[in-house]
Amino acid sequence: MVARSEIGVGVLARAVAILDVVESSPMGASDLARELDLSLSTTYRLATDMVKHGLLRKDPEGRFYLGQRFVTTALSDLAVPALRELAEKTGESAQLWVRRGESRLCAASVDSQHELRVALPVGTLVPLPQGSSGHVLSGDWEADPEAVKSGWWVSISERTPGSASISAPVRRHGEIVAAVCVSGPDGRMGENLGSRMGRAVVAAARQIEKSVPGD
């Protein structure tokens, strides 16, 4: 058991203590409260808030684990090989996007070698649900049977006139945690974008999923 005096009284200190415990041993709220010598109500309230912010996730049995926020941070480096291969296959720029509140953040990016290209540097923040990745991350994905069936979402001149993109979801524990995207000028991406690039984008998403270490 971690003594209460070792944790501190601040919310941040208690949140860090919870993260330290579940990182090595996922457990439910009651066990967490006993381990940290905190009240059950305080532990449950704090852990539930941490789930909302992606710092923890909760399984069907009520156990808390490190959240998807940590996974999406790690994905920045893990995704680069798959994005580089995707950019080579398609000839266009490839990115990995993750959700940050009501926006999406470019976590990794590999630019096309074409002089005319869509360049989105790491750190770019775009409001949801603009663009194909925005629709994947915002929840529109689950509401569109055609997108779910095909495995990708196509966007033409939605966020930026003259540009086009196609995205596929990256999942962890059944939850969409990121989106792989290929983007480029509409004139070069052309028609039938899904049939031409859809499988490659989905394959890159699956490759990234497999690169993430298990719990």
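- Going by an unreviewed UniProt entry, the chain carries the name Transcriptional regulator, IclR family and comes from Rhodococcus wratislaviensis.

**Remarks on the nonpolar core**
Piece 1. Formed by 30 residues in total, the largest nonpolar core has its most connected members in Leu83, Leu96, Val170, Val180 and Ile208.
Piece 2. Sorting the residues of this core by element identifies α6 (80-90), β3 (93-100), β4 (103-110), β7 (163-172), β8 (175-185) and α10 (193-211) as the ones contributing at least two each.
Piece 3. Per-element tally for this core: the top contributor is α10, with seven residues.

**Digging into the state of the cysteines**
Piece 1. Taken as a whole, this structure holds zero disulfides when the rule is applied.
Piece 2. The thiol sulfur of cysteine 106 is not disulfide-bonded, and the nearest other cysteine sulfur, from cysteine 181, lies at 8.8 Å.

**Digging into α6**
Piece 1. If you check which residues of α6 are buried, you get Ala82, Leu83, Leu86, Ala87 and Thr90. Looking down the long axis of α6, one finds its buried residues gathered within 135° of arc, a one-sided arrangement. Turned more than 90 degrees from where α6 packs its buried face, Glu88 and Lys89 sit exposed.
Piece 2. Buried positions along α6 lie against β3, β4, β8 and α10.
Piece 3. With its phi angle positive at about 80°, glycine 91 sits one or two positions after the end of α6.

**Some thoughts on the packing of helix α3 (residues 29-36) against helix α4 (residues 40-52)**
Piece 1. Direction vectors running N to C along α3 and α4 enclose 115°, while the axes themselves pass 9 Å from each other. When the axes of α3 and α4 are compared, the crossing they make is right-handed. Counting all contacts with α3, which are made through Ala29, Ser30, Leu32 and Ala33, the residues of α4 involved are Leu40, Thr43 and Tyr44.
Piece 2. Classifying every residue of the contact of α3 with α4 gives five nonpolar, two polar and no charged.

Cut-offs applied
Residues numbered from 1 in each chain as written. Predicted model: local features only at pLDDT ≥ 70, side-chain atom pairs only at ≥ 80, totals over all residues. Heavy atoms only, no water. Core = buried A, V, L, I, M, F, W, Y, C linked by side-chain atoms within 4.5 Å. Buried < 20%, exposed > 50% of the residue type's maximum accessible area, 1.4 Å probe, protein only. Helix = DSSP H or I, 4+ residues; strand = E, 2+ residues; numbered from the N terminus. Disulfide = S-S within 2.5 Å. Arc of directions from axis to C-beta. Contact = heavy atoms within 4.5 Å. Axes fitted to C-alpha atoms, helices over the stretch in contact; angles between N-to-C directions. Left-handed = near helix turned anticlockwise from the far one by under 90°. Nonpolar A, V, L, I, M, F, W, Y, C, P; charged D, E, K, R; others polar.

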